[in-house]
Structure formats: structure tokens, C-alpha cells
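Residue strings, one per chain:
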Amino acid sequence: MKKLLRYILLTFVFSLIGGNIAHAATSPVDELIEEFKDKPQTALAQDMYLDIYKDINDKPKEQATKSVSNKYSMTEDQIHKLTQEGDLSSIIKDDENADINTVLLQYQAIANDYQSTLETENIRSELTMETKPSEVFMDGDTSNSEFDILYDLTIIEIILFNEASTSEFGGQFN
């Protein structure tokens with residue numbers, strides 16, 4: 001689809017300015033055509049929506065699990081089983097003589113820490129998702145998405161004006 005749009009744009013521009021224009025072999029348009037000539041078309045953003053879904057749903061849980069596991073010197077798998085499945089075996093195996101109140105208090109402390117950390121990670125994820133989607137399509141970098149508005153405008157500038165201006169917009173969000 002992207003190739004077709006570029007072809008249509010080039011055809012349109014050449015029809016406007018006359019298709020028989022002789023230009024130097026090193027013109028910016030030739031360089032642009034040469035740049036994409038033999039490049040394989042990869043699906044850079046093929047799974048972009050899946051990645052975004054994972055960033056919103058899975059990443060906060062993973063980060064919270066990792067953080068809590070470090071705090072309580074447990075494995076991430078033990079924290080996952082404890083918080084997601086209610087498996088108390090990781091608490092009980094450390095102290096087989098512990099009474100039920102001690103086990104429940106430790107479980108409650110771990111569960112509260114996990115929940116608090118998960119809320120923080122969810123907020124972090126939401127804030128990232130508020131800025132990242134627009135940044136991906138307007139940062140001048142086509143390696144992180146199928147298209148980029150600033151990159152496409154640069155191509156149009158090269159085709160129309162035989163040069164590209166520098167832009168102060170876009171770039172990574174800090």
C-alpha cells in the first residue's frame with residue numbers, strides 16, 4: 001500500500017511538472033528512489049497493536065511482580081503464584097511451624113505491596129500510552145512504525161523543492 005501511494009505521488013508530481021525533465025543523477029529525488037529501490041518491505045509495525053496491548057496489560061503486572069519479588073527475596077514465579085493464584089506454599093515452606101495468622105499477615109503485606117506497585121505501574125503505563133502513540137508516527141523515524149508524518153513530509157519536500165528543510169518538531173519525547 002505504501003509503495004502504491006509513493007508511486008501515485010511520484011506520478012502526480014511528475015505529471016504536474018512535466019515527466020521529461022532532465023535532472024542530475026545525484027538529485028535528492030534520485031537518492032530517495034535509490035534508497036528504497038532494493039529494500040525489502042518489512043512489516044515493522046505488523047504487531048504494533050499487539051505490542052501496545054501487551055504494554056498496557058502485561059508490562060505493569062510484570063514490573064510489579066519483579067519489584068515485589070526483589071523486595072521479599074522471592075522468585076517472580078512465587079510472587080505470581082501468590083498474588084494471582086493465592087498459592088501460599090512459598091510462604092509456608094520458609095517456616096513450616098508458622099501459625100495461620102503469621103502466614104496471612106505476610107500474605108497480606110505482599111499482596112498490598114503488589115497492589116500498590118501495580119497501581120503505580122498502571123499509571124506509568126497510561127502516561128506512556130498518552131504520549132507514545134503520537135510520538136511513534138511523528139518522530140522522523142520509520143524503524144518504529146510503518147509510516148511517519150515528518151518523514152513523509154520530508155519526501156514530499158524533496159520531490160517538490162529538490163531539498164528538505166530541517167524540522168524542529170518531532171523527535172523523541174523526553
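Residues numbered from 1 in each chain as written. Predicted model: local features only at pLDDT ≥ 70, side-chain atom pairs only at ≥ 80, totals over all residues. Heavy atoms only, no water.

Draft legend 1. Structural view of the overall build of the chain. The helix and strand inventory of the chain stands at seven helices and zero strands. Ordered by position from N to C terminus, the α and β elements of the chain give α-α-α-α-α-α-α. Counting the 174 residues in the chain, one finds 22% classified as buried. Across the chain, contacts joining residues at least 24 apart in sequence account for 59% of those joining residues at least 6 apart. Looking at the chain as shown, the accessible area adds up to about 12,600 Å², and 55% of this sits on carbon and sulfur atoms. (Helix = DSSP H or I, 4+ residues; strand = E, 2+ residues; numbered from the N terminus. Buried < 20%, exposed > 50% of the residue type's maximum accessible area, 1.4 Å probe, protein only. Contact = heavy atoms within 4.5 Å. Areas by Shrake-Rupley, 256 points an atom, 1.4 Å probe, with all protein chains shown as cover.)

Draft legend 2. Up close: the pattern of salt bridges. By the definition in use, this model includes three salt bridges. Ionic pairing is found between lysine 71 and aspartate 113, a salt bridge with its closest N-O pair at 2.8 Å. Of the two residues, lysine 71 is situated in helix 3 (residues 48-71) and aspartate 113 in helix 6 (residues 100-136); the sequence distance between them amounts to 42 residues. Close ionic contact of arginine 124 with glutamate 121 constitutes a salt bridge, the shortest N to O distance being 2.7 Å. Of this pair, arginine 124 and glutamate 121 both sit in helix 6, three residues apart, which is roughly one turn of that helix. Given a relative accessible area of 47%, arginine 124 falls into the partly exposed group. (Salt bridge = Lys/Arg side-chain N within 4 Å of Asp/Glu carboxyl O.)

Draft legend 3. A look at the environment of glutamine 84. As for its placement among the helices and strands, glutamine 84 is situated in helix 4 (residues 76-85). Spatially, the C-alpha atoms of glutamine 84 and alanine 111 are 9.5 Å apart, while their sequence positions differ by 27 residues. Apart from residues lying up to four places away in sequence, glutamine 84 is in contact with Ile79 and Tyr114. Among the polar contacts made by the side chain of glutamine 84, one reaches the side chain of threonine 83 at a distance of 3.5 Å. Side-chain polar atoms of glutamine 84 contact the side chain of tyrosine 114, separated by 3.0 Å. (Polar contact = N/O pair within 3.5 Å; in protein donor to acceptor, adjacent residues only side chain to side chain.)

Draft legend 4. Region of interest: helix 4. For helix 4, the set of buried residues is Gln78, Ile79, Leu82 and Thr83. Take helix 4 and look down its axis: the buried residues cluster within an arc of 115 degrees, on one side only. Once helix 4 ends, the next one or two residues include glycine 86, with phi positive near 75 degrees. (Arc of directions from axis to C-beta.)

Draft legend 5. Seen up close, the confidence of the model for the chain. Mean pLDDT over the chain: 74, with 56% of residues reaching 70 or higher. Confidence, expressed as mean pLDDT per element, reaches its minimum in the chain at helix 1 (residues 2-17) with 53 and its maximum at helix 4 with 91. Contacts for the low-pLDDT stretch residues 16-25, under 50 throughout, to residues beyond four places or in other chains number four contacts. (pLDDT = per-residue confidence, 0-100.)

Draft legend 6. Helix 7 (residues 149-161), seen in detail. Relative to the 18 Å expected for 13 residues at 1.5 Å per residue, helix 7 spans 18 Å between its end C-alpha atoms, a close match to the ideal helical length. If you check which residues of helix 7 are buried, you get Tyr151, Ile155, Ile158 and Ile159. Down the axis of helix 7, the buried side of the element spans an arc of 95 degrees, and every buried residue falls inside it. Of the residues flanking the end of helix 7, it is asparagine 162, one or two places downstream, whose phi is positive at about 65 degrees. (Expected span 1.5 Å × (residues − 1).)

Draft legend 7. Here's a closer look at the side chain of threonine 83. Relative to the elements of secondary structure, threonine 83 occurs in helix 4. Relative accessible area serves as the criterion here: at 19%, threonine 83 is assigned to the buried category. A distance of 2.8 Å separates a polar atom in the side chain of threonine 83 from the backbone oxygen of isoleucine 79.

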